[in-house]
Every structure is written in C-alpha cells, then in structure tokens.
Amino acid sequence: MRMLGLALGMLPIASVLYANDASAWAWGLLLFNGLAWPHVAWWLARRSRDPRGTEFRNLVLDSAAGGAWVAVMQFNLLPSALLLTMLTVDKIGVAGWRFLARTGPAQVAACLVVWALSGFPPVRLESSMANIVASLPFMFIYPLALSMVTHALGQRVWRQNRQLERLNRIDVLTGLPNRRHWDEVADSELARYLRSRRPAVVMLIDVDNFKEVNDAHGHGTGDEVLRCVARVLRSSVREIDTPARYGGDEFAVLLAEADVRGARTVAERIRTRFLEERGEAAAAEHCTLSIGLAEADRLLVDADDWVRRADAAMYRAKAGGRDRIDVADSPWIAAAPQESRAP
Ligand SMILES: Nc1nc2c(ncn2[C@@H]2O[C@H](COP(=O)(O)OP(=O)(O)OP(=O)(O)O)[C@@H](O)[C@H]2O)c(=O)[nH]1
C-alpha cells in the first residue's frame, strides 16, 4: 500500500513542482520519496528485530515527509489536502486515532522546518487544472485499493474467527464435538422438550478398564481405543443426534426425537459394535462400554440434572458388572402419587 500511495502521491506533487519550476534537489527528493523510500522502509522493517516498532517509525517518517511536501508545494490546496487526508486515513487504518498523536506533531514540525528553510515563501492556495487532474488518480485509486485491502483483511479475520470457534468446540483427539458444545446442545434440547414434549434421551458412555489399556499398551493405544469409540458412535447414531467426547474416557450422545426404548436399541448397537471393532489390545484388557440412559421429563431442573441422572445409570451399569446398559429411574414414577398428569 505504501508503494502505491507514494507513487500516486508523486503525481500531484510533481504537477506543483513543475508549475513552480522547482530545483533539481526537490525533484531528486520527490523521486527518492516516491520510488525508493517504500523499498527502503520495507527492507528496514524486514531486517528489524522489532518489525512492528520499525514500521510505526516508518509511518511517522511518512507523515513528516507529507508535511514537508505541503510546505514545498506552498500549501497548494488540493494536492496538500489530498496528501494530508490520505496520510491520516492510513494512520488511523493501521493504528487508530491515538497514533495520530505521534504522527501529527512530526507532520506539522516537518512542514514548519521546510517552510522556514525555504525562507517562508508565500502561501499559494490556488490549484490549477493541471494540479487537479494530477490529483485524480491518487484521489480515486488509493481509497479504492485501501478499501479492498481492508475488506480482504476483514474477511480473513472473520474466517479465522469462525475456524477458531469451530476448533473451540471440537475434541482434537476424536474429532467429535467437545463437552462445551454438547452442553449447549443439551440445554437447547431440554428447552425444546419442555416446549414441545417431543422425547429426547441423554446417553452417557464410559469405557471400562480403559486405564488398563493405557498402562499395559501405552497412551497411543489408549488414544486409538478412544478414536474407535468415536467411530462407533458416529456410525451408530442419526444425523439429528449429537455424539461428543465428554472428557477423558467418557462420551455423551444426545438422542433427539427418541424415547428410552429407541435409545436402548441404539445403546445396544453401540455396545456390540464396539466389541467387534475395539482391536486386540482393548479386547485383551476386557475394555467394554458401560452405558447410562436418561429420558427427558418435566421434572428435570436443568440439563445438568439430566446428565446427573444418566451418569447415575451409567455407574449402576458399571456396578452391575460393566459392558451393559442401565436406564435412569424417572423421578416421575416417584412423584406420580402427587402428580396427576403424565409427562
Ligand atoms: N490415552 C488416553 N488416556 C486418557 C485420555 N484422557 C484420559 N485418559 C485416561 O483415562 C483413564 C480413565 O480412568 P478411569 O475411567 O478411572 O479408569 P477405567 O480403567 O476406565 O475404570 P472404570 O471406568 O472403572 O472401568 C485415566 O487413566 C486417564 O489418564 C486421553 O485422551 N488419552
């Protein structure tokens, strides 16, 4: 952007220098500032140990040069205003309003010094047609390029944010949604149930004897077992269900539009598929799945309550000998004598 801005900015300045019959010095400096300085600035920033700090210093120098050219042009109105506007837009775009507090004084000082060194020539505000025409490319092309770059940067930031948000919700090892994402799904599924009374089931799955696999065959094999569970879950549930890694060797599935009978069938499918696919190490350590199910009902306080019930069922499955499925007692049954309506 500096190369483009300075190259285009040369045109209105050159038109004023030409009209004012400027010295060879002024022309030399203009050529250096317009064509060589962008490369020098880039090289300085690249080889610096603090590229950001160096680039900020370069921007201050850009502003000072702008102020100096305004004095050289004897304040010719259109080219001066254009130059100052573009420099200001640039600074705000790069570092915000506060950066102007650094570049502004440099700009004014350079302008006054150059004006004084040239013997305070008279101010000539009037811009000729040649000055106006020479200003047009800078006036149109530079803001256009700047807005395209800003837009492209905005898009990149937006894409990266989305990517980050996705990564924040995915478990890296298994590729399944993580607990954070699953908890949100459970919240909204419970809200949906309370609104519409369409059934839903939380399934919690714990890998039995998983520690033995880790201890006997190493963490790499343990990781492979967890990936196997993830594969089995993905292939056993429907699109509308949400399987997730809940943490460690625990997995959760939210079965939408399913009652406990349907959920039991799915759980049985998961349990047996895992036995078929678990691999030799897991089989050697009797690595199986204990599964707890809890159906939504209107006595649930919140999603945590729902998960707690599935968890209790899952621990009963473990206590009952592992490699089995257990279903949470509905508190509805206990509450039935006081309540008159089924959930
Ligand atoms: N390989 C691997 N191990 C993990 C990971 N996360 C947790 N673990 C291990 O998983 C084990 C879980 O232990 P437990 O659930 O208490 O042990 P368990 O052998 O499954 O016991 P039961 O559930 O009672 O059958 C611990 O040894 C953790 O270190 C992981 O990402 N990869």
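Note: the structure precedes this text.
What comes next concerns the included structure. Quick caveat: nothing in here was measured; it's all calculated off a predicted structure. (Residues numbered from 1 in each chain as written. Predicted model: local features only at pLDDT ≥ 70, side-chain atom pairs only at ≥ 80, totals over all residues. Heavy atoms only, no water.)

## Things to note about the packing of helix α9 (residues 219-236) against helix α10 (residues 260-277)
Now for step 1: Between α9 and α10, whose axes approach to 9 Å, the crossing angle comes to 140 degrees. The orientation of α9 with respect to α10, classified from their angle, is oblique. When you trace α9 past α10, the crossing you get is right-handed. Here α9 contributes Val225, Cys228, Val229, Val232, Leu233, Ser235 and Ser236 to the contact with α10, which in turn contributes Val266, Arg269, Ile270, Arg273, Phe274 and Glu277.
Now for step 2: Within the contact of α9 with α10, the residues separate by chemical class into eight nonpolar, two polar and three charged. (Axes fitted to C-alpha atoms, helices over the stretch in contact; angles between N-to-C directions. Helix = DSSP H or I, 4+ residues; strand = E, 2+ residues; numbered from the N terminus. Parallel < 35°, antiparallel > 145°, perpendicular 65-115°, else oblique. Left-handed = near helix turned anticlockwise from the far one by under 90°. Contact = heavy atoms within 4.5 Å. Nonpolar A, V, L, I, M, F, W, Y, C, P; charged D, E, K, R; others polar.)

## Thoughts on the packing of helix α4 (residues 77-95) against helix α6 (residues 129-168)
Now for step 1: Between α4 and α6, whose axes approach to 10 Å, the crossing angle comes to 15 degrees. With respect to their mutual orientation, α4 and α6 come out roughly parallel. Crossing handedness for the pair α4 and α6: left-handed. Two secondary-structure elements touch here, α4 through Leu78, Pro79, Leu82, Leu83, Met86, Val89 and Asp90 and α6 through Asn131, Ile132, Ser135, Phe138, Met139, Tyr142, Pro143 and Leu146.

## Some thoughts on the layout of surface pockets
Here the idea is plain: a probe the size of a water molecule rolls over the atoms and shows the empty space left.
Now for step 1: Reported here for the largest pocket is a volume of approximately 800 Å³.
Now for step 2: Those elements that place two or more of their residues in the lining of the largest pocket are α1 (2-19), α2 (24-47), α3 (51-72), α4 and α6.
Now for step 3: Per-element tally for the lining of the largest pocket: the top contributor is α4, with nine residues.
Now for step 4: Classifying every residue of the lining of the largest pocket by side-chain character gives 23 nonpolar, seven polar and six charged.
Now for step 5: Put simply, the second largest pocket is a space of about 400 Å³.
Now for step 6: In terms of lining residues, the second largest pocket is bounded by 18 residues, among which Leu29, Ala65, Ala68, Trp69 and Val72 are the most central.
Now for step 7: If you list the elements that add at least two residues to the lining of the second largest pocket, you get α2 and α3.
Now for step 8: Ranked by residues supplied to the lining of the second largest pocket, first place goes to α3 with seven residues. (1 Å grid on protein atoms, 1.4 Å probe; cavity = no way out; pocket = protein on both sides within 12 Å on 5 of 7 lines; lining within 4 Å. Points joined across faces, edges and corners; volume = space filled by probe spheres on them.)

## Let's talk about the site of the ligand
Now for step 1: By nearness alone, 17 residues border the ligand, and Asn209, Asn214, Asp223, Arg245 and Arg322 come closest of all.
Now for step 2: The contact in question runs from a nitrogen atom of the ligand to an N or O atom on the side chain of aspartate 223, over 2.6 Å.
Now for step 3: Within the side chain of arginine 322, an N or O atom sits 2.8 Å from an oxygen atom of the ligand.
Now for step 4: When the ligand sits alone it has 670 Å² of accessible area, and the protein chains cover 66% of it.
Now for step 5: Of all the secondary structure elements, the ones that give two or more residues to the shell around the ligand are β1 (200-207), α8 (210-217) and α9.
Now for step 6: Top element by residues in the shell around the ligand is α9. It accounts for four residues.
Now for step 7: Split by residue class, the shell around the ligand holds four nonpolar, five polar and eight charged. (Near = heavy atom within 4 Å. Polar contact = N/O pair within 3.5 Å; in protein donor to acceptor, adjacent residues only side chain to side chain. Areas by Shrake-Rupley, 256 points an atom, 1.4 Å probe, with all protein chains shown as cover.)

## A few points about α10
Now for step 1: With 18 residues, α10 extends 25 Å between its outermost C-alpha atoms, agreeing within 8% with the 26 Å of an ideal straight helix rising 1.5 Å per residue.
Now for step 2: All of the buried residues in α10 are Ala263, Val266, Ala267, Ile270, Arg271 and Phe274. Down the axis of α10, the buried set is contained in an arc of 140 degrees. They therefore lie on one face. Facing away from the buried side of α10, by more than 90 degrees, are the exposed residues Arg261 and Glu276.
Now for step 3: Looking at the buried positions of α10, the neighbouring elements they touch are β1, α9, β3 (250-256), β4 (289-295) and β5 (325-327).
Now for step 4: Just past α10, the residue glycine 279 takes up positive phi, approximately 90 degrees. (Expected span 1.5 Å × (residues − 1). Buried < 20%, exposed > 50% of the residue type's maximum accessible area, 1.4 Å probe, protein only. Arc of directions from axis to C-beta.)

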